[in-house]
Amino acid sequence: MTTTYAESRWMGGACPFEAGWKKVMMWVFIIGDALLFAGFLTGYGYGRTMSADWPQAGEVFNLGLIGLMTFVLISSSATMAAAVATVSSDRAKAARFVWMTVVGGLVFLGLQAYEWSHLIGAGGRPWENPWGAALFGSYFFLITGFHGTHVLIGVLINVATAIRTRKGVTSAENVEMAGLYWHFVDLVWVFIFTLFYLI
Amino acid sequence: MSDSKAASLGIYWRTWAVLLVLTTIMFFLDTLDMPRGLFVGVMLVAMMTKATLIGGIFMHLAKESMDLIVTVVVCVMGFGLLLFGLTVVDAARIHDMLQGIFVR
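Keep in mind that this is a model prediction, so the values were computed, not measured.

What counts and what doesn't
- Residues numbered from 1 in each chain as written.
- Chains lettered and ligands numbered in written order.
- Predicted model: local features only at pLDDT ≥ 70, side-chain atom pairs only at ≥ 80, totals over all residues.
- Helix = DSSP H or I, 4+ residues; strand = E, 2+ residues; numbered from the N terminus.
- Contact = placed C-beta atoms within 7 Å.
- Core = buried A, V, L, I, M, F, W, Y, C linked by C-beta atoms within 7 Å.
- Buried ≥ 20, exposed ≤ 12 C-beta atoms within 10 Å, placed from the backbone.
- Nonpolar A, V, L, I, M, F, W, Y, C, P; charged D, E, K, R; others polar.
- pLDDT = per-residue confidence, 0-100.
- Domains from an automatic or database assignment.
- Axes fitted to C-alpha atoms, helices over the stretch in contact; angles between N-to-C directions.
- Parallel < 35°, antiparallel > 145°, perpendicular 65-115°, else oblique.
- Left-handed = near helix turned anticlockwise from the far one by under 90°.

### Points about the overall build of chain A
On a plain count of helices and strands, chain A comes out with seven helices and zero strands. Seen in sequence order, chain A has helices and strands lined up from the N terminus as α-α-α-α-α-α-α. Based on the C-alpha atoms only, the size of chain A along its principal axes is roughly 65 × 40 × 20 Å. Nonlocal contacts in chain A, meaning residues at least 24 apart in sequence, comprise 71% of its contacts between residues at least 6 apart.

### Describing the nonpolar core
Within soluble globular proteins, side chains that are nonpolar generally end up buried alongside one another. The biggest cluster of nonpolar side chains holds 62 residues, and the ones touching the most others in it are Ala 81, Ala 83, Val 98 and Val 188 of chain A. Put simply, the parts of the chain that give this core at least two residues each are α2 (21-50), α4 (63-86), α5 (91-121), α6 (134-167) and α7 (172-198) of chain A together with α1 (2-31), α2 (36-58) and α3 (66-103) of chain B. Broken down by element, the residue count for this core peaks at 18 residues, all from α7 of chain A. Beyond its immediate stretch of four places on either side in the chain, Val 98 of chain A contacts Met 80, Ala 83, Asn 158, Thr 161, Ala 162 and Thr 165 of chain A.

### Structural notes on the interface of chain A and chain B
On the side of chain B, 40 residues touch chain A, which itself brings 38 residues to the contact. Elements represented by at least two residues in the side of chain A that touches chain B include exactly α2, α4 and α7 of chain A. Of all the elements, α2 of chain A adds the most residues to the side of chain A that touches chain B, at eleven residues. When grouped by side-chain class, the residues that make up the side of chain A that touches chain B number 24 nonpolar, eleven polar and three charged.

### Focus: the confidence of the model for chain B
Low-pLDDT portions of the prediction should not be read for the details of their coordinates. All names here are of chain B. Predicted confidence across chain B gives a mean pLDDT of 88, with 90% of residues reaching 70 or more. Confidence, read as mean pLDDT per element, is least for α1 in chain B (85) and greatest for α2 (96). Model confidence for the complex is summarised by a pTM of 0.91, with the ipTM given as 0.89.

### Focus: the environment of Ile 192 of chain A
Structurally, Ile 192 of chain A can be placed in helix α7. Discounting chain neighbours no more than four positions away, the residues touching Ile 192 of chain A are Ile 143, Thr 144 and His 147 of chain A.

### What about the domain arrangement of chain B?
Domains assigned within chain B are domain 1 (1-63) and domain 2 (64-104). Computed over C-alpha atoms only, the centres of domain 1 of chain B and domain 2 of chain B are separated by 24 Å.

### Some thoughts on unusual backbone geometry
Residues other than glycine seldom take positive phi values, yet Glu 18 of chain A does so here, at roughly 55 degrees. By the secondary structure assignment, Glu 18 of chain A is in the loop between α1 (5-8) and α2. What makes Glu 18 of chain A partly exposed here is the crowd of 16 C-beta atoms within 10 Å. One non-glycine residue, His 60 of chain B, lies in positive phi territory at about 60 degrees. With respect to the helices, strands and loops of the structure, His 60 of chain B is situated in the loop between α2 and α3.

### A short note on the packing of α5 of chain A against α6 of chain A
All names here are of chain A. α6 packs onto α5 with a crossing angle of 155 degrees between their chain directions and a minimal axis gap of 9 Å. Here α6 runs roughly antiparallel to α5, going by the angle between their axes. As for how α5 packs across α6, the hand of that crossing is left-handed. Counted by class, the contact of α5 with α6 contains 14 nonpolar, nine polar and two charged residues.

What follows is the structure in structure tokens.
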């Protein structure tokens, strides 16, 4: 216990990153999960570069809807950051911020379900679509589906976090870990939004 | 007490506002008829700026130790770019090959 942070740096000491094990493990998970999405997006870039008839995003997607989804997700990330910042001083307030984040996540999922049902109704499938290269549908459903699943899991984590924060049975550190996951989901959307919908 | 608490939340609301402004600018640029290369370049810069704000401020990475910052940034950006860099060359080759077929 006498080992100081500075001495243990990179030497396998008790605390090489000067952060708790939960935070370090959360970042290790985020690195891995980020590289999973990097793999998907690289695959998408590969498929798109070699396809001659990749559809125009503006002709397929309702960009106003995508803008609303982006607004909702960024806002929910801000309320989660506020929850993490207030949890040590005011648990009831922090729980309210987490509930606001949950609402944001649910609205995002609802809008995505609407987008999916609209595109499926228009003939979009993972193996074919009426707009151009078949790979377009494959990557669209794979990437937005994986991201949507992350959002759904985040909503469940946040519901548990909100209830446990209100009851006072979870630590401030755990709220911060839930926050890290939620911000990561928002971070991935920034990349999907730019690379898939705009470029 | 409540003043310092309000001040500590201010950074998050300001970050939120900057993220929304950047997103709005991206949407606006999308409606313009910009040269393709310039458009993609500006979008990538805006994307990385947003990612840095979310990672640095919302996820507090800017306040972590340099060891953790370097580990996260090098692993995600380094391996991500390596993955992309190694495949894009082949994708471009196939693209040119297909172009040749269509021109014929």
